[in-house]
Each structure stands twice: as C-alpha cells, then as structure tokens.
Amino acid sequence: MSPNSYLTRGLKHRRMREYLSATSSSTTLSSSPSESLSLSSSSSSSSISSPSLEYASFPQQDMGKPLLSFIRKPGKVQRKLKAGNIVTWFLKLLLNLAVYLFGLAIVSFLSYLFCMSLYNGRSVRDPCMVAQGSKDKIYQSLTDVKRDITIQTNLTHVATVEVAKSPSIIDVAGSPFREEVPKIIHQQWKNETVPKKFMKWRRKWLNMYPKPEYTHMLWTDKNGRQLIKEHYPWFLETYDGYKHNINRADAARYFILHYYGGIYADLDYEAQSNFYEFLPPNQVAMVESPYYWNEKTQNCLMSSPKHDPFWVDLFAVLMKNAEREEVLEATGPILLDQAMEYSVHPSYILPCENFQRVPLGEYDQTLWTTIYDREIMFRLKPISKNCGYYSNDQCHFGRHHNTVSYRTTTGKVL
C-alpha cells in the first residue's frame, strides 16, 4: 500500500473520532452521565468494528483524494489579477519616472536661462571706458573723416534723383555743411496730448536739456505730414499710402532730422544725463540694438547734423521698401541697417553699454510678446554684444523702456 493511502486512511479515522466526540458531547447534555458513558463506549466500539458507518459518514467525493488536494491551487482569475497588478505597478513606475524626468528638465532649463542671463547681461567692457573711448573716437573723426556732402545721384534709384531735385535740397545746395548737431530735441506722438506714462520720461528731457539752450519740438501726425507736404512733396503719396500709422511715424522722423538736424528720441526713451558731448557733430548717429534677432541698430535714439546727405541715401531705401509688410523692414530699424550699408556717407553707432542696455524685469511697461522676446529669447542664445542690463547707473546715459506703443495689447500693429 502506498504512503498516500496510509495518509488518507489516517485522516478519515481522525475525522470519524472528531465526529463521534462531537455527537457524544451533544448527547451528554440530554442524558445522565451513565447513559453518556454507555453510549460513548458503544459508539467507540462500533466505530472501530463497523466500516459501513465510516463510509456512510463522509461524502463519496472525499474518498481516495490525497492529502495535498486540500491545498487550494491558484485559478485563472487569480493569475489574471496577479498579471494586472504587475501592469499597474509598471505603469506607476513609468509615471513616476516621467514626472521625475519632467521636473529635472524644468530645473535644468531654468538653470540654463539663469546662466545665460548672467552671460548675456554681463558688460565685459567697462561702460565708462567705453564712453571715453567713444568720445575720443568721435573727436578723432573730426579730422579723419572727410565729408563729401554732394548728393550721390544714382540713376538706378529714381528716388535719389527725385530727392536731389526737391526744393529743400536745392535751397541748401550752395550752403556749407555745418559739422554740428543742432540743440533741438524731437519727439513724436499722434497728437499733442501725451499720456502720463510717457510724460514722466519726457520731463527728464525737459529738465536735463533746459530751455532756452535747447529747443523741444513735439511732432504729431498732423504737423509731420505737413513737413513732408511742404518740403518733400515727392514722398507724400508713399507716405499717405502706408498701411500702418507706425510706418508714417518712422518715416517722418528721418525727414525731420534731415530738415532740422538735432536729436530724436522716442517718448519711452528716458534720458539719464545730458550726453550731448558724446554725440558725433559731423555725422549721423543711431543707437546700437542690444538684441540679436532683429537688427544691429535702432531708431529710438538718433542724432544728425542739419541736411546730412546720409538721409538722402536712406530715402532711396525707404521708397524701395515701401511695399514691405514687415514694419521693421519697411520703415524701422532693419531699414536703418540697410541704409547704413547702402550709403556712401559715414554714420556712427552709439554703444549700447551707454545708451541702451536690456530692460530686464520691466513687465508692466510693455507687451507680453516683447516680454517673451526679451525675457526668454534673450537668455536662449549667447550674445556677443555684451550690452548688459540696468543693474547700475555707471556711465549710463539713457534708458529705452521699449514699450512698443505702436502695437495693441493683442499685438496688432497700429
């Protein structure tokens, strides 16, 4: 007989004894002790001698099963649940890993922006040394730069020929070119009511460039057009045909500087000191742009002698770009860059360390699109200009707040 059979029989006998013991206990509650003893004895003897009772007390399905059959084996449902738990655990692991990598990427990106802001905001050149070097260079140019103020009529550019024939040019053709910047401050607004936001900066000009030594002229849309109509009638059709008012404002300032000379400043350009001695008296000057993605120079601050022929060359480029959709290229800073390359006459770039650093952190002064360009794009790529930002006022002559007033809050060009 196999060991498994012995185990089965032993288990059956043990169950039988437990059953009889339980039966005798219940009988004891209803009978006397003597009767209980008699019943117990008879039951014990019969349990040993009567195999029929053994088989009658247990279901047939328990017969012949090994002891190991009482250990429950996992079914298909349990295996599926176990597999589902593994999948859930794996998905949680992937999610935690993704969150960790995302957080690490954010921290790395912010660290990169911080490092780039330090790198791009640095002033490798000392601003005061830059200012002094620029001043020395300006006065050296008075002897080194020989000005030929004759208008270069280029037959391939009809605009240049038209400028040469205009009344304003013919009237001064025989007069000597004066190598000086007239002490006139030109600023623009669409009408004579300047908003309070700009008046606080305009007062700086009035205080630092006081009358009667300096003349302050506020140009409006009306008198700007009148200047062109009277002295540059050949350009009036193009002027009126511009799609946006900012194009007319840009163009008018070039004609203003050609006709009057002096200093032009946007209303959002804040004078920090009187920097007249740092402007070249014998040539046009425009401020260096601190940014790298649009232009080399900007037209927010410019100076010029009266009737400098550089502007005549710029007028030719102005008419050539008249149909361009992009404001910066049609009449703005990109046009200024192109005119500097095209013109045979000299021009000077005012260093950004002294005249236009990056106004980081001025979130309430400009549009969100400009803030994105200035605060994010400025930090994404290393810049070699080293203009710095407004961390101190050391040899800092002016501050351009760059409010981009020619666009609405939604970015639409006015």
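Residues numbered from 1 in each chain as written. Predicted model: local features only at pLDDT ≥ 70, side-chain atom pairs only at ≥ 80, totals over all residues. Heavy atoms only, no water.

(A) Structural view of helix α12 (residues 310-320). Most of α12 sits inside the fold, with nine of its 11 residues counted as buried. Listed as buried for α12 are Phe-310, Trp-311, Val-312, Asp-313, Leu-314, Phe-315, Ala-316, Val-317 and Leu-318. (Buried < 20%, exposed > 50% of the residue type's maximum accessible area, 1.4 Å probe, protein only. Helix = DSSP H or I, 4+ residues; strand = E, 2+ residues; numbered from the N terminus.)

(B) Looking closely at the sheet that holds strand β6 (residues 297-304). Reading across the sheet, the six strands line up as β2-β1-β3-β6-β5-β7 and stay open at both edges, with mixed pairing between neighbours. The open sheet has two free edges, formed respectively by β2 (215-219) and β7 (347-350), since each of these has just one partner strand. Here the average twist between neighbouring strands, direction ignored, is 25°. With four bridges connecting them, strand β5 (residues 284-288) and β7 associate as parallel partners. Residue pairing across strands places Val-284 opposite Ser-347, the latter belonging to β7. (Pairing = 2+ DSSP bridges. Axes fitted to C-alpha atoms, helices over the stretch in contact; angles between N-to-C directions.)

(C) Region of interest: the side chain of Glu-270. When you line up the elements, Glu-270 lands in strand β4 (residues 269-271). A distance of 2.3 Å separates a polar atom in the side chain of Glu-270 from a polar atom in the side chain of Lys-204. A distance of 2.7 Å separates the side chain of Glu-270 from the side chain of His-401, its partner in a polar contact. Every residue in contact with Glu-270, bar those within four places of it in the chain, is listed here: Trp-201, Lys-204, Trp-205, Gly-398, Arg-399 and His-401. (Polar contact = N/O pair within 3.5 Å; in protein donor to acceptor, adjacent residues only side chain to side chain. Contact = heavy atoms within 4.5 Å.)

(D) Broad picture of the packing of aromatic side chains. Scanning the model with the defined rule gives 24 aromatic pairs in all. Here the aromatic rings of Trp-205 and Tyr-269 are separated by 6.3 Å at their centres, their planes lie at 40°, and the arrangement is tilted. Placement of Trp-205 in helix α8 (residues 196-208) and of Tyr-269 in strand β4 is noted, with a sequence separation of 64 residues between them. Residues Trp-205 and Tyr-269 agree in their burial class; the two are buried. For the pair Trp-205 and Phe-275, a centre-to-centre distance of 5.9 Å together with 80° between the ring planes defines the contact as edge-to-face. One end of the pair, Trp-205, is in helix α8; the other, Phe-275, is in the loop between β4 and β5, and 70 residues separate them in sequence. Of the residues examined, Phe-275 reaches a relative accessible area of 0% and is grouped as buried. Through pairs of rings, three or more aromatic residues link up here, namely Trp-205, Tyr-209, Tyr-214, Tyr-269, Phe-275, Tyr-276, Phe-278, Phe-355 and Phe-397. If you follow Lys-183 out to its NZ or CZ, it ends over the ring of Tyr-276, 5.1 Å from the centre. (Phe/Tyr/Trp six-rings, centres within 6.5 Å; stacked < 30°, edge-to-face > 60°. Lys NZ or Arg CZ within 6 Å of the ring centre and 35° of its normal.)

(E) Spotlight on the pattern of salt bridges. Under the defined criterion, the tally for this structure stands at 10 salt bridges. With a shortest N-O distance of 2.9 Å, Arg-178 and Glu-180 are connected by a salt bridge. Judged by its relative accessible area of 56%, Arg-178 falls in the exposed class. Given a relative accessible area of 34%, Glu-180 falls into the partly exposed group. Glu-329 is paired through a salt bridge with Arg-324; the nearest N and O atoms lie 2.3 Å apart. Using a relative accessible area of 36% as the deciding quantity, one classes Arg-324 as partly exposed. (Salt bridge = Lys/Arg side-chain N within 4 Å of Asp/Glu carboxyl O.)

(F) Up close: the packing of helix α11 (residues 245-260) against α12. Viewed as axis vectors pointing N to C, α11 and α12 meet at an angle of 160°, and their least axial separation amounts to 10 Å. If you check the angle between α11 and α12, you find them roughly antiparallel. Considering how the two elements wind past one another, α11 and α12 form a crossing that is left-handed. Every residue of α12 that contacts α11 at Ala-251, Tyr-254, Phe-255, Leu-257 and His-258 is listed here: Trp-311, Val-312, Leu-314, Phe-315 and Leu-318. Its residues assigned to classes, the contact of α11 with α12 shows nine nonpolar, one polar and no charged. (Parallel < 35°, antiparallel > 145°, perpendicular 65-115°, else oblique. Left-handed = near helix turned anticlockwise from the far one by under 90°. Nonpolar A, V, L, I, M, F, W, Y, C, P; charged D, E, K, R; others polar.)

(G) Fine view of the side chain of Asp-313. Turning to its location among the elements, Asp-313 is positioned in helix α12. Once residues within four sequence positions are removed from consideration, Asp-313 is found in contact with Tyr-342, Ser-343, Val-344 and His-345.

(H) Summary view of the pairing of β2. In terms of strand pairing, strand β1 (residues 184-188) meets β2 through five bridges, oriented parallel. Across the sheet, residue Gln-187 finds its bridge partner in β2, namely Leu-218. What joins β1 to β2 is α8, and the crossover it makes is right-handed. (Right-handed = clockwise from strand over helix to strand, strands pointing away.)

(I) Broad picture of the pairing of β6. With eight of eight residues buried, β6 lies mostly within the body of the structure. In terms of strand pairing, strand β3 (residues 262-265) meets β6 through four bridges, oriented antiparallel. In the sheet register, Ile-263 faces β6, and the bridge partner there is Ser-303. Examined bridge by bridge, β5 and β6 share four bridges and lie antiparallel to one another. Within β6, the position partnered with Val-287 by the bridge is Gln-298.

(J) Region of the structure containing the nonpolar core. Core analysis: the largest hydrophobic core is formed by 28 residues, its most contacted members being Phe-235, Tyr-254, Phe-255, Met-302, Trp-311, Leu-314 and Phe-315. Look past the residues within four positions of Tyr-254 in its chain and what remains in contact with it is Asn-299, Met-302, Trp-311, Leu-314, Phe-315, Thr-331, Gly-332, Leu-335 and Leu-336. Ranked by size, the runner-up nonpolar core spans 22 residues in total, among them Ile-138, Tyr-209, Phe-275 and Leu-279. (Core = buried A, V, L, I, M, F, W, Y, C linked by side-chain atoms within 4.5 Å.)

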